[in-house]
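Structural overview
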Amino acid sequence: MSHEQLHEPTANATNVASTTAHHSSSGGVRRASPAPASSKLPTEYVQTELARLSLQRDEVSLRLSTFSSVLMANDCDMTTTLVDRQGFPRADIDVAGVRTARANIIMLRNDLRHLQAQIEQLVLRGLPRRQSPERKSADAIDVDVTTSSRSPAFARINRIFPGGPADAAGIKTDDLLLRIGDIDATNHSSLQAVAALVSTSQDVVLDIRIRRAEHDILLRLVPKTGWGGRGLLGVSTAGRS
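Only a predicted model underlies this, so the values are computations on that prediction, with no experimental measurement involved.

**With respect to the nonpolar core**
Grouped together as the largest cluster of nonpolar side chains are 23 residues, with contacts concentrated most on Leu71 and Ile105. Broken down by element, the residue count for this core peaks at 10 residues, all from helix H2 (residues 95-126). Those residues in contact with isoleucine 105 that sit more than four places away from it in its chain are Leu64, Phe67, Ser68, Leu71, Met78 and Thr200. If you look at the next biggest cluster of nonpolar residues, it comprises 22 residues, including Ile157, Ala193, Ile208 and Leu221.

Here it is in structure tokens:
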């Protein structure tokens, strides 16, 4: 009996579901309005554009999390095979749903990179970048230290591996994890939601809020490979009851 072999989506996947309707007709995020020609941008223009781009980034991040939850519900990631040993579609997962989610995740990752690049250009040209002892590299930007809030922590950082993405972001051993992306103490699903988000966010900037001593700190974390160790973060965590 003949059968059709399934293929995994590639990085240039374009046949995505109608759930991408928030994108422009060209298929990507809306581009920023043309910036004034001067090297120093007017503060009002920068603030308006930052607000608009940040809103777009939040919307894309939310949709990325939604598609990541599809993979988590099927107990798979971006590389899990969708066929059995005989080459037939696996019966234990929603193959069509996973393929659609993967294609959308690929596109949304690219959108996040583009939005982040626009935001950083605006910051560089229009707003002073605050220097902080917590900042260790270009991956850790806009560190914001505030007084401790009531947000509950749901994980503790047990170990930071030198040279890893978490180390570059300024995360330290014994920091308490309050939020990463849109995942917090109310929806982390015993840290499974965090694992799903990280696995689908390689080279994408994630906002992460941690608590250190009496302060909450906002950092930017970029999951990536090729840093010299295992995993995308270079960190070991433990859940908190």
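Once the structure has been displayed, the description carries forward.
**Notes on unusual backbone geometry**
Most peptide bonds are trans, and most residues other than glycine sit at a negative phi. Here the phi dihedral of aspartate 75 falls at roughly 55°; this positive angle occurs in a residue that is not glycine. Relative to the assigned elements, aspartate 75 resides in the loop between helix H1 (43-73) and H2. By relative accessible area, aspartate 75 is classed as exposed at 71%. Phi at aspartate 203 is positive, roughly 65°, even though this residue is not glycine. The residue aspartate 203 is located in the loop between helix H4 (192-199) and strand S4 (206-212) in this model.

**Some remarks on the pattern of salt bridges**
For the coordinates displayed, the defined rule picks out eight salt bridges. Among the ionic pairs, arginine 90 bridges to aspartate 92, the shortest N-O distance being 2.7 Å. Measuring nitrogen to oxygen at the nearest pair gives 2.8 Å for the salt bridge that ties aspartate 216 to arginine 211. There is no split in this pair, since aspartate 216 and arginine 211 are both buried. Here the salt bridges do not stand alone but share partners, grouping Arg57, Asp207 and Arg220 into one network.

**Describing the pairing of strand S5 (residues 215-221)**
Counting buried positions along S5 yields six of seven residues, so the element is predominantly enclosed. Inspection of the sheet shows S4 paired to S5 by seven bridges, in the antiparallel sense. Residue pairing across strands places isoleucine 208 opposite leucine 219, the latter belonging to S5. Counting the residues in the hairpin turn of S4 and S5 gives two residues, including alanine 213, whose phi is positive at 60°.

**Focus: the confidence of the model for the protein chain**
Summarising the model, the protein chain shows a mean pLDDT of 75, and 71% of its residues fall at 70 or more. Taken element by element, the protein chain is modelled with least confidence in strand S1 (residues 144-147), mean pLDDT 49, and with most confidence in strand S2 (residues 155-160), mean pLDDT 92. A low-confidence stretch, residues 128-145 stays under pLDDT 50, and its non-local contacts, those more than four residues away or across chains, total 41 contacts.

**Remarks on the side chain of arginine 109**
Structurally, arginine 109 can be placed in helix H2. An unpaired buried charge is present at arginine 109: no salt bridge exists, and aspartate 203, the closest side chain of opposite charge, is 7.3 Å distant. Filtering out sequence-adjacent residues up to four positions away, arginine 109 remains in contact with Met78, Ser199, Thr200, Ser201, Gln202 and Val204.

**With respect to H1**
Spanning 31 residues, H1 covers 44 Å between terminal C-alpha atoms, matching the ideal 45 Å at 1.5 Å per step. Where H1 ends, the next residue or the one after it, aspartate 75, has phi of about 55°, a positive value.

**Notes on the pairing of strand S3 (residues 176-180)**
Judged by how many residues are buried, S3 sits mostly within the fold: four of five residues are covered. Bridge analysis of S2 against S3 gives two bridges, and the strand direction is antiparallel. Its bridge partner lying in S3, alanine 155 is registered against leucine 177. Here four bridges tie S3 to S4, and the two strands are oriented antiparallel to one another. Opposite isoleucine 180, over in S4, you have isoleucine 208 as the bridge partner.

Rules used throughout
Residues numbered from 1 in each chain as written. Predicted model: local features only at pLDDT ≥ 70, side-chain atom pairs only at ≥ 80, totals over all residues. Heavy atoms only, no water. Core = buried A, V, L, I, M, F, W, Y, C linked by side-chain atoms within 4.5 Å. Buried < 20%, exposed > 50% of the residue type's maximum accessible area, 1.4 Å probe, protein only. Helix = DSSP H or I, 4+ residues; strand = E, 2+ residues; numbered from the N terminus. Contact = heavy atoms within 4.5 Å. Salt bridge = Lys/Arg side-chain N within 4 Å of Asp/Glu carboxyl O. Pairing = 2+ DSSP bridges. pLDDT = per-residue confidence, 0-100. Lys, Arg positive; Asp, Glu negative; His and termini not counted. Expected span 1.5 Å × (residues − 1).

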